[in-house]
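As a plain string of letters, each chain reads:
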Amino acid sequence: MLAPSLLLRALGKAPPSTEVSAPLLPRSQAEMAAPCALTLPSPLSVSSSSPRRSRRSGVVAMASVGQKVYAPGVAVSEGNGGLPKIDIKSPHGSEAEIYLFGACVTSWKVPNGKDLLFVRPDAVFNGQKPISGGIPHCFPQFGPGPMQQHGFARNMNWSITDSEVIEGDPAVTLELKDDSYSRSMWDFSFQALYKVALHSTSLSTTLKITNTDDKPFSFNSALHSYIRVNCSFVKETKSYSFTKHIIVLVLTSILAVQASISGVSVKGLKGCKTLNKDPDPTNPLEGKEEREEVTFPGFVDCVYLGAPSELTLDNGLGDKIVISNANWSDAVLWNPHLQMEACYKDFVCVENAKIETLLLEPKQSWVAEQKIELI
Ligand SMILES: O=P(O)(O)OC[C@H]1O[C@@H](O)[C@H](O)[C@@H](O)[C@@H]1O
């Protein structure tokens, strides 16, 4: 199968190399460069006395951050599978969790307690496989290609470089650098900085990729966001009697053949060029989105080139979620439908992406922001 960048070339859409110098975002850069605004120590709830080892990076970041203190509202604890995670809490009542493994935001709860993100039930937290859910990174490759699917950034330990409070809300910055593992697949020196900032009704992320090598490199990337949507019928029947539960299970199984995610739609993609990976992911169909509202009547796996800076998702749970961005030029919608029968009704992936390959010269950086907001 071809990497999307190769795929674009195969489709005669080779990206111009000049696009590399995509405009940067001065605010993000300034914030990234700002010194750590630590104030009060936050005691760690996990001891560094039993550091876990990864087959690639040795002692994970927990041990190296064991003695550090963080800004108010930021703490490190032991998550699923013993993996270290950052817990950030806003005084406005929202909270999020970020695993250092993959710098994956796995949970974002708004003040009413709803988690707007979704982690698949088959997700593993073993430090070996990417976490399937939340907001995994795809870097330096989106999709299949010369290296592992979606690149290695979601499959490596990131470290915490900064924590701060911005207008009362906590933010944390994670860093990933090349090591022997990444270089075995992609022989370049790079730095990725990923800042996650929590607000009362929004979660924003800023990704900055810098070429720290002495030769140019190219990459593509995405934030593979799993957004929670309307829950499946079976889950809502937990309190039913055993007999009713069986009946519901049988009916649901029969209906599942026709089932679609009802009430879930994405607005804002009309007019975009599309690369539809359904039915053949190796030979995506070029097209143009004609719909005002894109729905999920079945399997969906589609790239939208030149997507707008704002999309609105109706999650079918009574919420409108605005996903805005700066510098993520493309978008991807994905729902596996019956390929993941256990959970396909519970999430859709709305991904901000940079599908066309970017070339970065030595010392050059690329910055992109995403904001997910409940309105
Ligand atoms: O299972 P993974 O590796 O996380 O990928 C899931 C999906 O990710 C999407 O971004 C791709 O468009 C799909 O083609 C892919 O199947």
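- With an unreviewed UniProt entry as reference, the protein chain is termed Glucose-6-phosphate 1-epimerase, source organism Zizania palustris.

### Examining the overall build of the protein chain
Then, in step 1: Per the secondary structure count, the protein chain includes 5 helices and 23 strands.
Then, in step 2: Looking at the protein chain as a whole, 54% of its 375 residues qualify as buried.
Then, in step 3: Within the protein chain, contacts between residues separated by at least 24 positions form 67% of all contacts whose residues are at least 6 apart in sequence.
Then, in step 4: A total accessible area of about 15,900 Å² is found for the protein chain, and carbon and sulfur atoms account for 54% of it.

### Some points on the environment of Ile98
Then, in step 1: If you trace the backbone, Ile98 turns up in strand β5 (residues 95–99).
Then, in step 2: Through-space distance from the C-alpha of Ile98 to that of Ile88 is 8.2 Å; in sequence the pair is 10 residues apart.
Then, in step 3: Those residues within four positions of Ile98 in sequence are excluded, and the remaining contacts are Pro84, Lys85, Ile86, Ile88, Ala103, Cys104, Val105, Val172, Leu174 and Val196.

### Considerations on the sheet that holds strand β11 (residues 202–211)
Then, in step 1: Strand order in the open sheet formed by 9 strands is β8-β9-β10-β11-β23-β20-β19-β14-β17, and the pairing between neighbours is antiparallel. At either margin of the open sheet sits one strand with a lone partner, and together these are β8 (159–166) and β17 (293–296). Each adjacent strand pair in this sheet contributes to an overall mean axis angle of 20 degrees, direction not counted.
Then, in step 2: The sheet contact formed by strand β14 (residues 261–267) and β17 spans 4 bridges and is antiparallel.

### A look at the site of the ligand
Then, in step 1: Taken together, Phe142, Gln149, His150, Arg154, His224, Lys277, Asp301, Val332, Trp334 and Glu351 make up the full set of residues near the ligand.
Then, in step 2: Protein chains bury 81% of the 390 Å² of accessible surface belonging to the ligand in isolation.
Then, in step 3: Here the shell around the ligand is composed, by residue class, of 3 nonpolar, 3 polar and 4 charged.

### Re the packing of aromatic side chains
Then, in step 1: Tallied over the entire structure, the rule returns 19 aromatic pairs.
Then, in step 2: Ring centres of Phe152 and Phe190 lie 5.9 Å apart, and the angle between their planes is 40 degrees; this geometry places the pair in the tilted category. With a gap of 38 residues between them, Phe152 in the loop between β7 (137–138) and β8 and Phe190 in strand β10 (residues 190–198) connect regions that are remote in the sequence.
Then, in step 3: For Phe190, a relative accessible area of 1% translates into the label buried.
Then, in step 4: On the numbers, 5.7 Å between centres and 65 degrees between planes, the contact of Phe219 with Trp366 is edge-to-face. One end of the pair, Phe219, is in strand β12 (residues 217–223); the other, Trp366, is in strand β23 (residues 365–374), with 147 residues separating them in the sequence.

### Here's the deal with unusual backbone geometry
Then, in step 1: Residue Pro140 follows Phe139 across a cis peptide bond; omega there is -5 degrees.
Then, in step 2: Positionally, Pro140 belongs in the loop between β7 and β8.
Then, in step 3: Residue Pro279 follows Asp278 across a cis peptide bond; omega there is 15 degrees.
Then, in step 4: With respect to the helices and strands, the residue Pro279 is situated in the loop between β15 (273–276) and β16 (285–288).
Then, in step 5: One non-glycine residue with positive phi stands out, namely His150, at about 65 degrees.
Then, in step 6: Following the sequence through the fold, His150 ends up in the loop between β7 and β8.

### Examining the confidence of the model for the protein chain
Then, in step 1: Mean pLDDT over the protein chain works out to 82, with 74% of the residues at or above the 70 mark.
Then, in step 2: Confidence drops under a pLDDT of 50 for residues 1–65, and excluding neighbours within four residues, the segment shows 136 contacts in the predicted structure.
Then, in step 3: Under a pLDDT of 50 for its full length, residues 232–240 has, in the predicted model, 13 contacts with residues more than four places off or in other chains.
Then, in step 4: For this predicted complex, the interface score ipTM comes out at 0.98, while the overall pTM is 0.80.

Conventions we followed
- Residues numbered from 1 in each chain as written.
- Predicted model: local features only at pLDDT ≥ 70, side-chain atom pairs only at ≥ 80, totals over all residues.
- Heavy atoms only, no water.
- Helix = DSSP H or I, 4+ residues; strand = E, 2+ residues; numbered from the N terminus.
- Buried < 20%, exposed > 50% of the residue type's maximum accessible area, 1.4 Å probe, protein only.
- Contact = heavy atoms within 4.5 Å.
- Areas by Shrake-Rupley, 256 points an atom, 1.4 Å probe, with all protein chains shown as cover.
- Pairing = 2+ DSSP bridges.
- Axes fitted to C-alpha atoms, helices over the stretch in contact; angles between N-to-C directions.
- Near = heavy atom within 4 Å.
- Nonpolar A, V, L, I, M, F, W, Y, C, P; charged D, E, K, R; others polar.
- Phe/Tyr/Trp six-rings, centres within 6.5 Å; stacked < 30°, edge-to-face > 60°.
- pLDDT = per-residue confidence, 0-100.

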